[in-house]
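Overview (structure and organization)
These are the residues of each chain, in order.
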Amino acid sequence: TAYIQAALDTVFAQTFDNYEIIVVDDGSTDATMAILEAYGDRLQIVRQKNGGHASARNAATKIARGEWIAMLDADDLWHPRKLEQQLATAGDADVVYTAARNFEDSKRVDDVTFRDGDCPRGDIFEDLIIDNFITHSSVLIRKSALVAVGGYDETLKTTCDWDLWLRMSAAGSKFAGLQQPLTEYRWRATSNSKNHDRTCRDRLNVLQQALDTPRGHQVSVLQRRKAIARVWQTSAWFVAEKDDRTALNWYLHSIIYRPYSIRGWKEVTRCLLHLCGISRQKLRSAFSRAVQS
């Protein structure tokens, strides 16, 4: 409720305005419906009972009439020219994504994604198995390509976006990226991604399913091991601020697959030092002093 009006207002502010807006209310019990109904016939409301994110997105896809579908989570925002610029550069791509500006609970991440300007395009399967670098609210998806792979996997409570990109890429969909931060992604401490155990399991399962596809079988052994190590490493990074024991365990799992990873060993050392009573803040201060000297 606190964010949905702001999100919708960024849709209505788009310079490209030949669109329909479908909002799926997934069993809300707050004032969401009152906010939505205030927009009148400017949007179409679909109500369902606690089906989850993937189910809500599939429900909207089924009734969407356009060639393209742009997903916007209720707590994120769009730049006014997002749709215009994506459509202008889409070409033969099936998915067009943009860089994102991170805000709110985002102190541990870069302010903007793709700061080096490198947005993978075309067949990006081997880039995707290493990292889910596509912000969900940034995508513009060709509906025919989305439907062809069966939409979002409703059995997943987390990582259903990464699963979708991997399945689409494995099926031959082409991707294009814009390095401009035309999406604003809100990091929240209460988001589903904060359920670290479940998210880690989902990441591992999603990756394994992708590697088991014909496209996945083309990936080298070293790249496969790097991808698995990256899942453990990413999961450890997310949990490290509050649970060094779990982070240490997961970093050690990553090292099993990439024993030569310098970053992996650095993070193991950091977790061990923290478990010995040396706080991460002290480590950062010591590192900062060492760099300055």
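Everything numeric here is computed off the predicted structure, so don't read it as measured data.

Along the protein, the regular secondary structure elements total twelve helices and seven strands. Taking 293 residues into account, the globule formula puts the C-alpha radius of gyration at 19 Å, and the protein, at 20 Å, falls close to it. Taken along the three principal axes of its C-alpha coordinates, the protein extends 60 × 45 × 40 Å. When the 293 residues of the protein are sorted by exposure, 47% land in the buried category. Within the protein, residue pairs in contact and separated by at least 24 positions form 70% of the contacts whose partners lie at least 6 positions apart.

Quick look at the nonpolar core now. By size, the foremost hydrophobic cluster in this structure holds 58 residues, and its most contacted members are Leu128, Ile129, Ile134, Ile141 and Phe175. In terms of residues, this core owes the most to one element, helix H9 (residues 221-239), which gives eight residues. Excluding residues within four positions of it along the chain, Phe175 makes contact with Ala93, Val95, Tyr97, Arg121, Gly122, Ile124, Leu128, Ile134, Trp165, Met168 and Ser169. Ile4, Met33, Leu36 and Leu43 belong to the second largest nonpolar core, which has 18 residues in total.

As a further point, take the packing of aromatic side chains. Where two aromatic rings form a pair, the distance of their centres and the angle of their planes describe that pair. Per the stated rule, a full pass over the model turns up eight aromatic pairs. Taking 6.3 Å as the distance between ring centres and 55 degrees as the angle between the ring planes, the aromatic pair formed by Trp232 and Trp250 counts as tilted. One end of the pair, Trp232, is in helix H9; the other, Trp250, is in helix H10 (residues 244-257), and 18 residues separate them in sequence. A single burial state applies to Trp232 and to Trp250, both of which are buried. Chaining the aromatic ring pairs together yields one cluster made of Tyr185, Trp187, Trp237 and Phe238. Against the face of Phe12 rests Arg42, its NZ or CZ located 3.8 Å from the ring centre. Seen from the ring of Tyr3, Arg186 lies directly overhead, with NZ or CZ sitting 3.7 Å from the centre.

As a further point, take the packing of helix H7 (residues 160-170) against helix H8 (residues 196-211). Closest axis-to-axis distance for the H7/H8 pair is 10 Å, and the angle between their directions is 5 degrees. Classified by the interaxial angle, the pair formed by H7 and H8 is roughly parallel. Across the interface between the two elements, Trp162, Asp163 and Leu166 of H7 pack against Arg203, Val206, Leu207, Gln209 and Ala210 of H8. A per-class count over the contact of H7 with H8 returns five nonpolar, one polar and two charged.

Summarising burial for strand E1 (residues 22-26): four of the five residues are buried, a large majority. Here five bridges tie E1 to strand E2 (residues 44-48), and the two strands are oriented parallel to one another. Across the sheet, residue Asp26 finds its bridge partner in E2, namely Gln48.

A word on the side chain of Ser137. Inspection of the secondary structure puts Ser137 in the loop between helix H5 (125-128) and strand E6 (140-142). Looking at Ser137, the relative accessible area reads 0%, which means it is buried. Within the structure, the side chain of Ser137 is placed 2.7 Å from the side chain of Asp76, a separation counted as a polar contact. Ignoring sequence-local partners within four residues, the contact set of Ser137 consists of Met71, Leu72, Asp73, Asp76, Trp78, Lys82 and Thr183.

Turning next to the sheet that holds strand E7 (residues 175-187). Spatially, five strands are ordered E3-E6-E5-E7-E4 in an open sheet, and the strand pairing comes out mixed. Two strands lie at the open edges of the sheet, namely strand E3 (68-70) and strand E4 (77-78), each paired on one side alone. Against the sheet, helix H4 (residues 82-89) engages E3, E4, strand E5 (95-104), E6 and E7, with an angle of about 160 degrees to E7.

Of note, Ala145 is situated in helix H6 (residues 143-148). With a relative accessible area of 11%, Ala145 lands in the buried category. Placed 27 residues apart in sequence, Ala145 and Gly172 show a C-alpha to C-alpha distance of 9.4 Å. Beyond its immediate sequence surroundings of up to four residues, Ala145 is in contact with Asp94, Met168 and Ser173.

Parameters and conventions
Counting of residues starts from 1 at the beginning of each chain's written sequence and follows it residue by residue. Given that this is a predicted model, residues contribute local features only at a pLDDT of at least 70 and side-chain atom pairs are listed and counted only at 80 or more, while totals for whole chains, interfaces and linings are drawn from all residues. Working from all heavy atoms in the structure, the side-chain values ignore hydrogens and water. The numbering of helices and of strands both runs from the N terminus, where a helix is a DSSP run of H or I of at least 4 residues and a strand a run of E of at least 2. A radius of gyration in this sense is built from C-alpha atoms; the matching globule rule multiplies 2.2 Å by the number of residues raised to 0.38. Note on classification: 1.4 Å probe, protein chains only; a residue is buried when its accessible area is under 20% of the maximum for its type, exposed when over 50%, partly exposed between these limits. Working rule for contacts: check all heavy atoms of both residues, and any pair within 4.5 Å makes them a contact. To define a nonpolar core, start from buried Ala, Val, Leu, Ile, Met, Phe, Trp, Tyr and Cys residues and group those joined through side-chain atoms within 4.5 Å. We call Phe, Tyr and Trp rings a pair once their centres come within 6.5 Å, taking the six-membered ring for Trp, and we label the pair stacked below 30 degrees between planes, edge-to-face above 60, and tilted otherwise. In this scheme, the term charge over a ring applies when either NZ of a lysine or CZ of an arginine sits within 6 Å of the ring centre and within 35 degrees of the ring normal. Simply put, an axis is a line fit to the C-alpha atoms, just over the touching stretch for a helix, and the angle between two N-to-C directions goes from 0 to 180 degrees. Angles are sorted into four bins: roughly parallel if under 35 degrees, roughly antiparallel if over 145, roughly perpendicular if 65 to 115, and oblique for all others. As a working rule, the residues Ala, Val, Leu, Ile, Met, Phe, Trp, Tyr, Cys and Pro are called nonpolar, Asp, Glu, Lys and Arg charged, and the rest polar, with Gly in that last group. When DSSP finds two or more bridges between a pair of strands, those strands are recorded as paired. Identification of polar contacts relies on pairs of N or O atoms within 3.5 Å, with a donor-acceptor requirement for protein atoms, meaning one able to donate a hydrogen and the other able to accept it, and with residues adjacent in sequence counted only if both atoms are side-chain atoms.

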